[in-house]
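# Structural characterization, general
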Amino acid sequence: MRRRGRVLLVAALVAVVGMAFRVSWNALRDVARAIGADHTAATLYPFVVDGLMALALVATLVLTADARRFALRVLGTYTAASLVLNYVHGLVPALHRASVDWGRLADWNPANWALVLLATSLPVGSIYFGSDLVAKVLHHQPAPAPNAEKTVESVSNRSMADQGEPTPEPRVVNAVPIPRPVQVGFLKPTIALKPLPAIAPAPVRPASTVAADSSRPRRATGRVPDVARSARPKRTPAELLEQARAASADWPDTQLTADRLRKTVHTSAEKARGLRDALRAERAA
């Protein structure tokens with residue numbers, strides 16, 4: 001609906017409510033005079049009853065949950081009370097006079113007492129319920145609308161450290177179903193339990209044996225298996241010298257070092273120094 005249509009609808013509603021209040025105001029004013037109210041009090045009496053109805057209606061549009069249900073109960077109660085008093089005003093012709101003095105609202109005494117109690121208790125109830133409704137409206141905080149897409153996106157953009165570790169599922173260890181109680185006649189329910197199998201105690205070694213075992217020396221490690229050994233055969237010094245001579249034939253004297261020989265022929269540092277000295281002596285001769 002467009003804005004203009006909404007404005008016209010609200011204006012029509014206000015006009016209808018205003019005319020209805022004027023009709024109800026005439027009846028409630030005459031009833032207030034009949035129960036002993038003066039001119040000023042009788043004029044304000046309709047605002048006490050129908051005005052609280054308007055306040056409760058506004059509160060139902062603002063409040064939620066239990067507070068909204070309370071406002072609806074107040075609205076329903078005062079609507080019913082105003083309807084009863086308007087109905088009584090239509091039944092009692094004495095209330096239609098121009099100047100209404102104190103009088104009866106019904107010929108039957110119990111009914112008259114009940115109607116007088118209703119008419120006189122409405123102002124007091126307006127003070128209590130009106131104050132409570134206003135306090136609830138002032139302290140009401142509307143809940144923010146959840147945004148599901150934003151929540152999912154923010155969770156997906158977080159790192160694994162921010163999201164935290166997943167909670168592990170509880171594991172049930174040795175879950176044994178509990179037998180249901182069996183009731184026979186008037187006897188109390190009993191639980192039939194199966195006898196648990198006997199568990200043989202574990203043998204306990206004497207302390208002297210443990211002490212003796214701990215004092216024994218540890219055995220030496222056995223020989224390394226052939227699979228774990230290196231597949232390279234053991235070379236003689238002459239073979240190492242021949243390999244070093246062939247590998248360093250085109251090396252200049254400045255690059256004939258023990259470290260380069262060790263890396264080339266894959267031998268130890270001590271043997272590499274011996275090969276270096278031998279090759280330098282050959283070149284010097």
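The following paragraphs examine the structure supplied in this document.

What counts, and where the lines are drawn
Residues numbered from 1 in each chain as written. Predicted model: local features only at pLDDT ≥ 70, side-chain atom pairs only at ≥ 80, totals over all residues. Heavy atoms only, no water. Helix = DSSP H or I, 4+ residues; strand = E, 2+ residues; numbered from the N terminus. Buried < 20%, exposed > 50% of the residue type's maximum accessible area, 1.4 Å probe, protein only. Contact = heavy atoms within 4.5 Å. Axes fitted to C-alpha atoms, helices over the stretch in contact; angles between N-to-C directions. Parallel < 35°, antiparallel > 145°, perpendicular 65-115°, else oblique. Left-handed = near helix turned anticlockwise from the far one by under 90°. Nonpolar A, V, L, I, M, F, W, Y, C, P; charged D, E, K, R; others polar. Core = buried A, V, L, I, M, F, W, Y, C linked by side-chain atoms within 4.5 Å. Expected span 1.5 Å × (residues − 1). Bend = angle between axes of the 7 residues up to and from the residue. Polar contact = N/O pair within 3.5 Å; in protein donor to acceptor, adjacent residues only side chain to side chain. Phe/Tyr/Trp six-rings, centres within 6.5 Å; stacked < 30°, edge-to-face > 60°.

Tracing the chain through its elements places L28 in helix α1 (residues 3-34). Under the relative-accessibility criterion, L28 is labelled buried at 0%. With 16 residues separating them in the primary sequence, L28 and L44 have C-alpha atoms 9.5 Å apart. Once residues within four sequence positions are removed from consideration, L28 is found in contact with Y45, P46, V49, D50, S82, L85 and N86.

What follows concerns the packing of helix α2 (residues 39-62) against helix α4 (residues 109-138). The contact between α2 and α4 brings their axes to 9 Å, and the two run at 30°. Judged on the interaxial angle alone, α4 and α2 are roughly parallel. In the packing of α2 onto α4, the handedness of the crossing is left-handed. Residues Y45, V48, V49, L52, L55, A56, A59 and V62 of α2 touch α4, and the partners they reach there are A119, L122, P123, G125, S126, F129, G130, L133, V134 and V137. Residues of the contact of α2 with α4, tallied by class, amount to 15 nonpolar, three polar and no charged.

To continue, consider the nonpolar core. In this structure, Y45, V74, Y78, L85, L105, L122 and L133 are the most contacted members of the largest nonpolar core, which totals 29 residues. Breaking this core down by element, the ones donating at least two residues are α1, α2, α3 (65-91) and α4. No other element matches α3, which puts nine residues into this core. Those residues in contact with L133 that lie beyond four places of it in its chain are A56, A59, F70, A71 and V74. By size, the runner-up hydrophobic cluster in this structure holds eight residues, among which are L240, A244, W251 and V265.

The end-to-end C-alpha distance of α4, which contains 30 residues, comes to 43 Å, matching closely the 44 Å that a straight helix rising 1.5 Å per residue would cover. The sharpest bend along α4 comes to roughly 35°, located at L122, with the proline P123 sitting one to four residues further on. Taken as a whole, α4 has its buried residues at N112, L115, A119, L122, G125, S126, G130 and L133. Here the buried face of α4 lies against α1, α2 and α3.

Here the focus is the side chain of S126. Looking at the element boundaries, S126 is found in helix α4. In this structure S126 comes out as buried when scored by relative accessible area, which is 13%. When residues no more than four places from it in sequence are discounted, the contact partners of S126 are V48, L52, Y78 and S131.

Close contact between helix α9 (residues 258-265) and helix α10 (residues 269-284) brings their axes to 8 Å; oriented N to C, the two are set at 115°. If you check the angle between α9 and α10, you find them roughly perpendicular. Along this stretch, α9 crosses α10, giving a crossing that reads as right-handed. Note on element contacts: α10 touches α9 through A269, A272, R273, L275, R276 and L279, opposite A258, L261, R262 and V265. Tallied by class, residues from the contact of α9 with α10 come to seven nonpolar, no polar and three charged.

Turning next to the side chain of H89. Counting through the fold element by element, H89 comes out in helix α3. Polar side-chain contacts of H89 include one of 2.7 Å to the side chain of D30.

Each aromatic ring pair is characterised by the separation of its centres together with the angle its planes make. Under the counting rule described, the total for this entry stands at two aromatic pairs. Relative to F129, the ring of F70 has its centre 6.1 Å away and its plane inclined at 50°; by these criteria the two rings are tilted. Placement of F70 in helix α3 and of F129 in helix α4 is noted, with a sequence separation of 59 residues between them. When the ring of Y128 is compared with that of F129, the centres are 5.1 Å apart and the planes differ by 75°; the resulting orientation is edge-to-face. For F129, a relative accessible area of 27% puts it in the partly exposed group. By the ring-pair criterion, three or more aromatic residues cluster together here, those being F70, Y128 and F129.

Even without being glycine, A65 reaches a positive phi, approximately 60°. One can find A65 in helix α3. A positive phi angle, near 60°, is found at H266, a position not held by glycine. Here H266 is to be found in the loop between α9 and α10.

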